[in-house]
Amino acid sequence: MILSRRVVALNTRRILNVRGVARNTIAGTRALSSRASSILNALDIPTDGKELPGVYDGEWRGNGEVFESVCPTTGEVLARVRSASPEDLQLALERTREAYTLIRDVPAPRRGELVRQIREALAAKRDELGALVSLEMGKILTEGIGEVQEFVDIADYAVGLSRMMNGNVVASERPGHQILEVPNPLGVVAVLSAFNFPVAVYGWNLALSLAAGNATLWKPAPSTPLCSLAVTRIVSRVLEKNGIPGAVAGLVTGGKGVGQAVVESRDVDMVSFTGSEAVGRHVGKTVQGRFGKVLLELGGNNASIIMPDADLKMAVPAVFFGAVGTAGQRCTSTRRLYLHRSIAPQFLSSLQSLYASLKPGDPLHTDTLLGPLHNPSAVSLYKSAIHKLKKVGAEVIVGGAPYEGLELHEGLRGGNFVKPTIAVPTKVDVSEDIWREEVFAPILTVGIFDELEEAIRWNNGVPQGLSSSLWTRDIRNVGKWIGPAGSDTGIVNVNVGTSGAEIGAAFGGNKSTGWGRESGGDAWKQYVRWSACTLNFSDEAPLAQGVNFSATA
C-alpha cells in the first residue's frame, strides 16, 4: 500500500462505533453524529448545518434545488447541497469552454505534471476519501479505499501517457508526400457518473481527459454529492496552485434536469455516461442527434461458468465476492452462475457456507463484509426481483428478504440492508426476465449445464455484455471461451471473477452495455480528435490513385 493504515486505524477507533453514536449539535438546526462529522471534518467539508454550494467552475456557488446526502447505513442526513440552477449551469459551461482554450495549448507533458500533482494530493487523502465513500455510498471500507486507489492508479497511468499520446506516420503512394495521423484535444468532456462508484469513474475520465488537453465538467449522481465536493476541492487546489483555471475540472451537482441540459448542450463535445441502460439509450440518442461523441458504460448482467475441472478453492470465494461485494451494486457484480451438473451440489454447499457467515454491519468497520443498499428504492427493486423469482417457481436457497428489526443492530435499523440471495429457477431460459434483467442487488441466479457450449449460449443470450468468467484448467476450454465462438462480453476472464478489474486494460462492455471503453488500453483515443494530415514536400502535386486531371490553358 502507498500509504500507512494509521488514518484508517484512527478513524476506526474514533468514529465507527454505532452502538452509542455521539452527536454534535450543529448551528442549532440538526445534530450530526461524530461518526459522520469526523470524516467530513477530515476533508474540510463544513458540518455546521448550512447548505453547501454544489457548483464549481473557478468559484463555488449554487442557486438551484437542494439535495440531501443521506447515509445508507443509518438513514442520517449528512448534508444539504445547493445544486446548479439553469443560470449556474450556463455560466459553468461557458467557463469550461473558455478553460479548454487555455489547457489545450499547455504541452502534454506539462498537463501530465498537473495529473501527477493531483495524484499526490489524492493519495495524501486516500483513506479519508475512502471513508467518505463508505459513509455516503455504503460500500465497505476496504472497497471505499480501493476505489480512491483506482483514481490514484489511473492518474499514474495518465502521467506516463501524457508523453506517449502518439499519432502515426503512414506511407504515401505519392513521391515526396507523407501522411500523418495526428491526435489533438477534443474540447469539453462532460462526465455523468453513477452512485456506485462516486470517485473512481470520474477519475478514469478526468485523468485521461486532462492529459489529452480537454476541460472536464462533472455531473455526479445526486445522491453522492459529498464525494464529488471532496474530490473537486482537492483537484481545484492543485489547479489553483499552478495558475490553471478551476473550470478545467468543473462540477455541477443536480438532478435529471441538470443532467439533461448537459447532455443537450452543444458546448459539450463528448459525454461520458455511466448508469442504466434506459437512461443510457436516451443519452446516446441525444448526443448523437447533435453529432457529439458519447461514451456509454451501462448495464452488466454478468455470468460465471464453473467447469468440472475448476479449482473450487479459487472459484467459490471469487463468486462469493462477485455476488456479494458492494452488496451486489457493481456493474461487474456476478448475477448469473452456471454450474456443471457434476459439481453443482458441492459448489452450492460451499457457497452457502460462505453466505451463512455474512452479517450486516457498519461498512466503516474493518470487519464488515456486507453493507447496505444505497437507498430505499434499491430495496424495493430487490424485493420485486425476489417476487419474480418465486413467481416462476425458483427455489430460494439463501436469503430472499430484507433484514428487519432485531436482525439488525440498533444503530443500523435506519439503513437499507437486504439478505444476499441465491435462487435456483427450474430451468434456464434467457428469454425470461429473471435471466435477462440486471437487478442492482445481491441476487445470484443459478443454472445447471452439461456442456460448455450450452453455458456459452446462456452467457451470450442476454442483452448486456460487460463481464464474464470461466473457471477451468483445460486449455481447450480457454481457447474456445476467449475465441470467436466464445464469450461476447467486453471483459472475458479465465479463473478470475467477473468483478474487480484493473486500470491497465480498457474497461467496458458490448451490446446494451454501450460499447464504451474507459481507463487503460486505447481508451485515451476517445478523448481526442483525429486528423489525417497529408504533407507534400516535393515540387509536384500529383493526385492519388493515379488520377489525371490536367487542363490545357
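Residues numbered from 1 in each chain as written. Predicted model: local features only at pLDDT ≥ 70, side-chain atom pairs only at ≥ 80, totals over all residues. Heavy atoms only, no water.

Some words on the overall build of the protein chain
Selection criterion: Each helix corresponds to a stretch of at least 4 residues labelled H or I by DSSP, and each strand to a stretch of at least 2 residues labelled E; elements are numbered beginning at the N terminus. Exposure categories follow from relative accessible area, calculated using a 1.4 Å probe and restricted to protein chains: below 20% of the type maximum is buried, above 50% is exposed, and the middle band is partly exposed. Contacts are residue-level and defined by heavy atoms, with any inter-residue pair within 4.5 Å sufficient. Positive charges come from Lys and Arg, negative ones from Asp and Glu, while His and the chain ends are left out of the count. Where a charge lies is defined by one atom per residue type, namely NZ (Lys), CZ (Arg), CG (Asp) and CD (Glu).
Secondary structure assignment for the protein chain yields 16 helices and 26 strands. The principal-axis extent of the C-alpha atoms belonging to the protein chain is close to 95 × 65 × 40 Å. Counting the 553 residues in the protein chain, one finds 56% classified as buried. Partitioning the intrachain contacts of the protein chain with sequence separation of at least 6 by distance along the chain shows that 73% fall at a separation of at least 24. If the 56 positive side-chain charges of the protein chain are averaged to one point and the 55 negative ones to another, these points end up 3 Å apart.

As for the sheet that holds strand 10 (residues 188-192)
The test is simple: Two strands qualify as a pair provided that DSSP identifies no fewer than 2 bridges between them. Axis definition: a line fitted to C-alpha atoms, limited for helices to the stretch in contact. Angles are taken between N-to-C directions and run from 0 to 180 degrees.
Taken together, the seven strands give an open sheet; going across it, the order is 5-4-12-11-10-13-14, and neighbouring strands pair in mixed fashion. At either end of the open sheet lies a strand with only one pairing partner, and these are strand 5 (60-61) and strand 14 (293-297). Across the face of the sheet, helix 3 (residues 86-103) comes into contact with strand 4 (55-56), strand 5, strand 10, strand 11 (215-219) and strand 12 (249-252) while running at roughly 150° to strand 11. Sheet strands touched by helix 8 (residues 225-241): strand 4, strand 5, strand 11 and strand 12. Its angle to strand 12, the strand with the most contacts, is close to 155°.

Points about the sheet that holds strand 17 (residues 395-398)
Taken together, seven strands build an open sheet; the order of strands is 17-18-19-16-15-21-22 and the sheet is mixed. Single-partner strands in this sheet number two, and they are strand 17 and strand 22 (491-494). Across this sheet, the average inter-strand angle for adjacent strands is 20°, counted without regard to direction. Where strand 16 (residues 334-340) lies against strand 19 (residues 443-449), five bridges are found, and the strand directions are parallel. If you follow R336 over to strand 19, its bridge partner there is T445.

Describing a nonpolar patch on the surface
Rules: Here a patch means residues that are over 30% exposed by relative accessible area and free of salt bridges, tied together within 9 Å if like-charged and within 5 Å if nonpolar (Val, Leu, Ile, Met, Phe, Trp, Tyr). For every accessible area listed, the method is Shrake-Rupley and the probe measures 1.4 Å; residues are considered covered only by the protein chains on display. What counts as a salt bridge is simple: a side-chain nitrogen of Lys or Arg found within 4 Å of a carboxyl oxygen of Asp or Glu.
Residues L543, V547 and F549 make up a contiguous nonpolar surface patch of roughly 350 Å² in combined accessible area. Positionally, L543 belongs in the segment after strand 26 (528-536). Since its relative accessible area comes to 43%, L543 is described here as partly exposed.

Remarks on the confidence of the model for the protein chain
Where the model shows low pLDDT, its predicted coordinates should not be examined in detail. Heads up, the rule is: A score between 0 and 100, pLDDT records how confident the predictor is in each residue.
Here the protein chain averages 94 in pLDDT, while 95% of its residues score no lower than 70. Considering only residues more than four positions removed or in separate chains, one finds that residues 1-28, a stretch of pLDDT under 50, has 60 contacts.

Considerations on the side chain of N205
Here is the rule we go by: N or O atoms closer than or at 3.5 Å make up a polar contact, with two conditions inside protein: a donor-capable atom paired with an acceptor-capable one, and, for residues adjacent in sequence, both atoms drawn from side chains.
Residue position: N205 is located in helix 7 (residues 200-212). Polar contacts involving the side chain of N205 include one to the side chain of S272, which spans 2.8 Å. Once residues lying within four places of it in the same chain are set aside, the contact partners of N205 are V191, S272, E518 and Y527.

A short note on the pairing of strand 12
This is how it is decided: Here the term right-handed applies to a crossover when the path leading from its first strand over the helix to its second strand runs clockwise, the strands being oriented away from the viewer.
Every second residue of strand 12 is oriented toward a common face, with A249 and L251 on one face and G250 and V252 on the other, all of them buried. Both strand 4 and strand 12 contribute to a ladder of two bridges, which runs antiparallel. Bridge pairing in strand 12 places Y56 opposite L251. With three bridges joining them, strand 11 and strand 12 adopt parallel strand pairing. Within strand 12, the residue paired with T216 across the bridge is A249. You can see the chain leave strand 11, run along helix 8 and come back into strand 12, and the turn it takes is right-handed.

So, the nonpolar core
Going by this rule: Nine residue types can take part in a nonpolar core, namely buried Ala, Val, Leu, Ile, Met, Phe, Trp, Tyr and Cys, and a core is a set of them joined through side-chain atoms within 4.5 Å.
Residues L132, L135, L226, V252 and V271 are the most contacted members of the largest nonpolar core, which totals 100 residues. Of the residues forming this core, the biggest block, 10 residues, is contributed by helix 7. The contacts of V271, once residues within four sequence positions are left out, are A190, L192, V263, V283, V287, R290, K293, V294 and L295. Counting 58 residues, the second-largest nonpolar core is a separate cluster that includes L348, L358, Y382 and V462.

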